[in-house]
Amino acid sequence: MARTQSTDVERSLGRRMRGAAGLAALAGLAWVARDVPAALGGRLSGARAERAARSPQFRDGTFHNQAGTRTMVAEPGRNLVRELIFGKQKRRPTAPVPLLRPSAPPGPVDAADELNIVWYGHASTLIEIEGRRVLLDPVWSERCSPSGLVGPRRLHEPPVGIDELPPLDAILISHDHYDHLDMATVRALLAGQSAPFLVPLGVGAHLDRWGVPAERIIELDWSESHRVAGLEITATAAQHFSGRGLRRDGTLWSSWVVAGARRKVFYTGDSGYFDGYAAIGAAHGPFDVTLMQIGAYDRAWPTIHMFPEEAVDAHLDLRGGLFVPVHWATFNLALHDWSEPVDRLWAEAKARDVRLAVPRPGERVVVDEPPAVDGWWQAVA
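Residues numbered from 1 in each chain as written. Predicted model: local features only at pLDDT ≥ 70, side-chain atom pairs only at ≥ 80, totals over all residues. Heavy atoms only, no water.

Undergrad: What's the story with the overall build of the protein in this structure? I'm lost.
TA: Secondary structure summary: the protein contains nine helices and 16 strands in total. Here the protein, with 381 residues, has 51% of them falling under the buried criterion. A separation of at least 24 residues holds for 70% of the contacts in the protein among residues at least 6 apart in sequence. Looking at the protein as shown, the accessible area adds up to about 17200 Å², and 54% of this sits on carbon and sulfur atoms. (Helix = DSSP H or I, 4+ residues; strand = E, 2+ residues; numbered from the N terminus. Buried < 20%, exposed > 50% of the residue type's maximum accessible area, 1.4 Å probe, protein only. Contact = heavy atoms within 4.5 Å. Areas by Shrake-Rupley, 256 points an atom, 1.4 Å probe, with all protein chains shown as cover.)

Undergrad: Hey, could you run me through unusual backbone geometry in this one?
TA: With the exception of glycine, most residues fall at negative phi, and the peptide bonds are largely trans. P286 follows G285 through a cis peptide bond whose omega is -5°. As for its position among the elements, P286 is in the loop between helix 7 (276-284) and strand 13 (287-293). Although it is not a glycine, H122 sits at a positive phi angle of roughly 50°. Among the secondary structure elements, H122 is positioned in the loop between strand 3 (115-121) and strand 4 (124-129). We note that E130 has phi near 50°; this positive angle belongs to a residue other than glycine.

Undergrad: Would you take a moment to explain the pairing of strand 14 (residues 320-326) for this structure?
TA: Consecutive residues of a regular strand have side chains that alternate between opposite faces of the sheet. Along strand 14, five of the seven residues are buried, which leaves the element largely enclosed by surrounding structure. With six bridges joining them, strand 13 and strand 14 adopt parallel strand pairing. Directly across from F287, in strand 14, lies its bridge partner G320. One crossover worth recording links strand 13 to the parallel strand 14 by way of helix 8 (residues 308-317), and it is right-handed. Pairing between strand 14 and strand 15 (residues 355-356): two bridges, direction parallel. Paired with L322 across the bridge in strand 15 is R355. One crossover worth recording links strand 14 to the parallel strand 15 by way of helix 9 (residues 340-351), and it is right-handed. (Pairing = 2+ DSSP bridges. Right-handed = clockwise from strand over helix to strand, strands pointing away.)

Undergrad: Sorry, what's going on with empty space enclosed by the protein here?
TA: Think of a ball as big as a water molecule: rolled over the atoms, this probe shows where empty space is left. All told, the structure shown has one cavity of 30 Å³ or more when counted by the stated rule. Empty space within the largest cavity amounts to approximately 130 Å³. For the lining of the largest cavity, the residue count by class is nine nonpolar, five polar and one charged. (1 Å grid on protein atoms, 1.4 Å probe; cavity = no way out; pocket = protein on both sides within 12 Å on 5 of 7 lines; lining within 4 Å. Points joined across faces, edges and corners; volume = space filled by probe spheres on them. Nonpolar A, V, L, I, M, F, W, Y, C, P; charged D, E, K, R; others polar.)

Undergrad: Hey, could you run me through the nonpolar core in this one?
TA: Soluble globular proteins: nonpolar side chains tend toward being buried together. The biggest cluster of nonpolar side chains holds 66 residues, and the ones touching the most others in it are I127, L172, V289, L291, F323, W328 and W338. Not counting chain neighbours up to four residues away, the residues in contact with L291 comprise I117, T125, I127, L136, V265, F266, Y267, T268, V324 and V326. (Core = buried A, V, L, I, M, F, W, Y, C linked by side-chain atoms within 4.5 Å.)

Undergrad: Even after reading the chapter, I still don't get helix 7, so can you show me in this structure?
TA: Since the α-helix advances by 3.6 residues per turn, residues separated by three or four positions end up pointing in the same direction. Buried residues of helix 7: G276, Y277, I280 and G281, and no others. The arc enclosing the buried residues of helix 7, seen along the axis, measures out at 140°, which places them on a common side. Structural note: helix 7 exposes A282 and A283 on the side pointing more than 90 degrees away from its buried face. In this structure, the buried residues of helix 7 make contact with strand 10 (231-236), strand 11 (255-259), strand 12 (264-267), strand 13 and helix 8. (Arc of directions from axis to C-beta.)

Structure follows, in structure tokens:
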């Protein structure tokens, strides 16, 4: 009898412990996922939705590209999931990516002629133009994801802390995908900077949910411009898509033109190759430097991300001077080798006599005196 009572007590205690462990696990998941709903962002409503509805890019409840696109193209005999898991591609570097802290330009700088680029990794880039500072698509988080536990993780640390950035005059967002728009980074910039956020139509709904005041949100449609700190900043066309949850294309995507009195910069955002680049070059070029997306491409999505050779085509269409590649090296977002985008780019640039700079993350590129391409990535590939 005593043994039976003891067994019953043990079973009861075991059930309680399993129940407590289950509750603890649920509580832990809830704690980890507490920021996910906010990270998904906001939705268009009120005056913001009314303005979106008036856009030439908006119809049937969503934004559209100028030409038809597909974000996933089936290929007979190819299994992307199997390739993702068992593929032989070298999708991450074999050694630490070399990081630099931005060094001062050599010699005295005439603010009227100043034009430097500091690439922090992926698409996050600082433009120093005529004494002004413009930050593009800042992402400082460990993952480009709504969750801190899952999603693509950094392959290298940011070369500087977000609190080490210089005072900014403008912050530009190309679209609302997680590798370009990050809630934690936005909130840090909200607290540590006073610059306005310039965003495509609808993206302001996300910023609004994250506490950015209305006076710091400037939403633009394609071909619309805004002057800030003496710069003319224009949202221009791109060929991509948007979405942070299950709903697609509820906000617009764009490329950007940053023009001072004498210097001009173009940034692609994310985009497939399209004839809009020639139109942008005719309307806004020539450009002293273009910041071109070269990574995360695949045959399965050929119309929404450029292959490196297409990025060179676009650079020439834009009438670009110096080519600086972005959107590679930091997050593993496609099936190609980690170093393939820049290897292909270097070969194409040499074949077509395109001026090229490939900085290490954190390296300052003086556009008029760019460093020679030295193949630094090959040592860690």
